[in-house]
Amino acid sequence: MRVAVVTLFPAMFEALTGHGISSRAVQNGLMSLSCINPRDYASNKHGRVDDRPYGGGPGMVMSVPPLRAALNAAQAQLSEVEEAEAAGEKGTGEQQAAPMAKPLCVYLSPQGEPLTQQRVEELAGLDKMVLLCGRYEGVDERVLTHDVDLELSLGDYVISGGELAAMVLLDAVIRLQPGALGDEDSAGQDSFSGSGLLDCPHYTRPEQTDGQRVPEVLLGGDHAAIASWRLEQSLKRTLQRRPDVIAQLEPNFGPREREILARLRQAASS
Ligand code: 9WO
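Before going into details, it helps to say that this report is about the structure given with it. (Residues numbered from 1 in each chain as written. Predicted model: local features only at pLDDT ≥ 70, side-chain atom pairs only at ≥ 80, totals over all residues. Heavy atoms only, no water.)

**Describing the overall build of the chain**
Quick note on the threshold: Secondary structure elements are defined from DSSP: runs of H or I of at least 4 residues count as helices, runs of E of at least 2 residues count as strands, and each element is numbered from the N terminus. Only C-alpha atoms enter the radius of gyration; for comparison, a globular chain is expected to reach 2.2 Å times N to the power 0.38, where N is the number of residues. Buried means the residue's accessible area, taken with a 1.4 Å probe over protein chains only, is under 20% of the maximum for its type, while exposed means over 50%, and partly exposed covers the values in between.
A tally of helices and strands in the chain yields ten helices and nine strands. Here the C-alpha radius of gyration of the chain, 23 Å, is well above what a compact globule of 270 residues would show, namely 18 Å. With respect to the principal axes defined by its C-alpha atoms, the chain has extents near 70 × 55 × 40 Å. Considering the chain as a whole, with its 270 residues, one finds that 38% of them fall into the buried category.

Have a look at this one:
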């Protein structure tokens, strides 16, 4: 997957490309990340990318021309690589490759649609994507209506810019790329990804620390008992912490889930 990020702070992305799973994925070529700085596309001599809001008020707004130029450059860059690869695959470097679909352009802001694991899975399947990171009070609305395909929010809070949000999205997408996690199966074990329930508790050695013991069932080798304990723990947590998630999943629960849920509700009401 190839991603081009339009940002005034490209160095921030070293936090993602320099550490852990995301770093390894970039090194192994599962993901390529390039940054395009709108400042480099500002035509005025001071490299201004922001301006005062029409109608007055505090803060500054990112203006259309440098942003649009940077977005077009990002898109062109992703298509260039793709066309070169397509031509290479055919072994006909001279031939004109078929026109490629325009990459999806995503803007991160509190006004966006809430990001879910389902959306992350969908984005992880794309072969290219442009991420737009806003700063100041945000970007001129005409960029959002004309250039942006999808606006996403991580939650109902404001941070200083879209970069950290873009990195959260990228991290979630990167770890779903085939081969990004050491254990091929671990992504399927995440909260939300398999059952849609919250994760069960995890324990490792030692068996006892400061008087806290590992639940007995995990120490025996009864795999069916362990699986059933984990399901119960997941249901219990989700019921307590995310009743909204239970309500959403309940119509699709099987008999085992229903039985445990009924028991948990009875215990809670008595
Ligand atoms: C800045 C500002 C300054 C003066 C008066 C009002 C103001 N509003 C803002 C503002 O909301 N800036 C945003 C910063 C503009 C878009 C990029 N920024 C951002 C993205 N903050 N928080 C996010 C974000 C993204 C995804 N999920 C949660 C939050």
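What follows picks up the thread again.
**A few points about the sheet that holds strand β6 (residues 128–132)**
Threshold: DSSP bridges decide pairing: two strands pair if at least two such bridges lie between them. Each axis is a line fitted through C-alpha atoms, taken for helices only over the stretch in contact, and angles between the N-to-C directions span 0 to 180 degrees. Two residues qualify as a contact provided that any one of their heavy atoms is within 4.5 Å of a heavy atom in the partner residue.
The strand order across the open sheet formed by five strands is β2-β1-β6-β5-β7, and the pairing between neighbours is parallel. Edge positions in the sheet fall to β2 (32–36) and β7 (150–153), since each has one partner strand and no second. Neighbour-to-neighbour, the strand axes of this sheet turn through a mean angle of 30°, independent of strand direction. Lying over the sheet, helix α4 (residues 117–124) contacts β5 (104–114), β6 and β7, oriented at roughly 135° with respect to β7. Packed on one face of the sheet, helix α6 (residues 163–174) meets β1 (2–6), β2, β5, β6 and β7 and runs near 115° to β5.

**A few points about the site of the ligand**
Definition in use: Neighbouring residues are identified by heavy atoms, a residue being near a molecule or strand if any of them is within 4 Å of it. Pairs of N or O atoms are called polar contacts if they sit within 3.5 Å, as long as, within protein, a hydrogen donor faces a hydrogen acceptor (for residues adjacent in sequence, only side-chain-to-side-chain pairs). Areas reported here follow the Shrake-Rupley algorithm with a probe of radius 1.4 Å; residue values treat only the protein chains shown as occluding.
Neighbouring residues of the ligand: 19 residues in total, closest Y107, Y136, E137, L154 and I159. Y136 places a polar main-chain atom, nitrogen or oxygen, 2.9 Å from a nitrogen atom of the ligand. The backbone of L154 places a nitrogen or oxygen atom 2.8 Å from a nitrogen atom of the ligand. About the coverage of the ligand: the protein hides 78% of its 600 Å² of free accessible area. Residue assignment for the shell around the ligand shows that the elements contributing at least two residues are β5 and β7.

**Considering the pattern of salt bridges**
A pair can form between side chains of opposite charge whenever their charged atoms are brought close. Under the convention used in this document: Definition used for salt bridges: Asp or Glu carboxyl oxygen within 4 Å of a side-chain nitrogen of Lys or Arg.
Overall, the coordinates contain eleven salt bridges when judged by the stated rule. Residue R48 is joined to D50 by a salt bridge in which the shortest nitrogen-to-oxygen separation is 2.9 Å. What makes D50 buried here is its relative accessible area of 11%. For R142, the salt bridge is made with D140, and the minimal N-O distance between the two is 2.8 Å. Looking at D140, the relative accessible area reads 16%, which means it is buried. Taken together, the salt bridges that share partners define one network made up of E113, R119 and E122.

**Concerning the nonpolar core**
Basically, it comes down to this: Each nonpolar core is a collection of buried residues, namely Ala, Val, Leu, Ile, Met, Phe, Trp, Tyr and Cys, held together in the definition by side-chain atoms within 4.5 Å.
Formed by 26 residues in total, the largest nonpolar core has its most connected members in V3, V106, L108, L131, L169, L170 and V173. Counting residues per element, the ones that place at least two in this core are β1, β5, α4, β6, β7 and α6. In terms of residues, this core owes the most to one element, α6, which gives eight residues. With sequence-adjacent residues up to four places away left out, V3 is seen in contact with M31, S32, L33, S34, L78, M129, L131 and L170. Membership of the second largest hydrophobic core comes to 21 residues, among which are M62, L71, L144 and V148.

**Brief notes about the side chain of Q177**
In this structure, Q177 sits in the loop between α6 and β8 (208–209). Of note is the side chain of Q177, whose polar atom sits 3.2 Å from the backbone oxygen of A124. In this structure, Q177 is in contact with M1, L30, M31 and A124, ignoring residues within four places of it in sequence.

**Some points on the packing of helix α8 (residues 223–241) against helix α10 (residues 255–269)**
Heads up, the rule is: The scheme is simple: roughly parallel for angles under 35 degrees, roughly antiparallel for over 145, roughly perpendicular for 65 to 115, oblique for anything else. In this scheme the crossing of two helices becomes right-handed for a clockwise turn of the near helix relative to the far one and left-handed for an anticlockwise turn of less than a right angle. Polar here means any residue other than Ala, Val, Leu, Ile, Met, Phe, Trp, Tyr, Cys and Pro, which are nonpolar, and Asp, Glu, Lys and Arg, which are charged; Gly is therefore polar.
The contact between α8 and α10 brings their axes to 10 Å, and the two run at 55°. By the criterion of interaxial angle, the relationship of α8 to α10 is oblique. For the pair α8 and α10, the crossing hand works out as right-handed. Contacts from S228, L231, E232, L235, K236 and L239 of α8 reach α10 at R256, E257, I260, L261, R263, L264 and R265. Here the contact of α8 with α10 is composed, by residue class, of six nonpolar, one polar and six charged.

Spatial relationships are all this shows, so hold off on functional conclusions.
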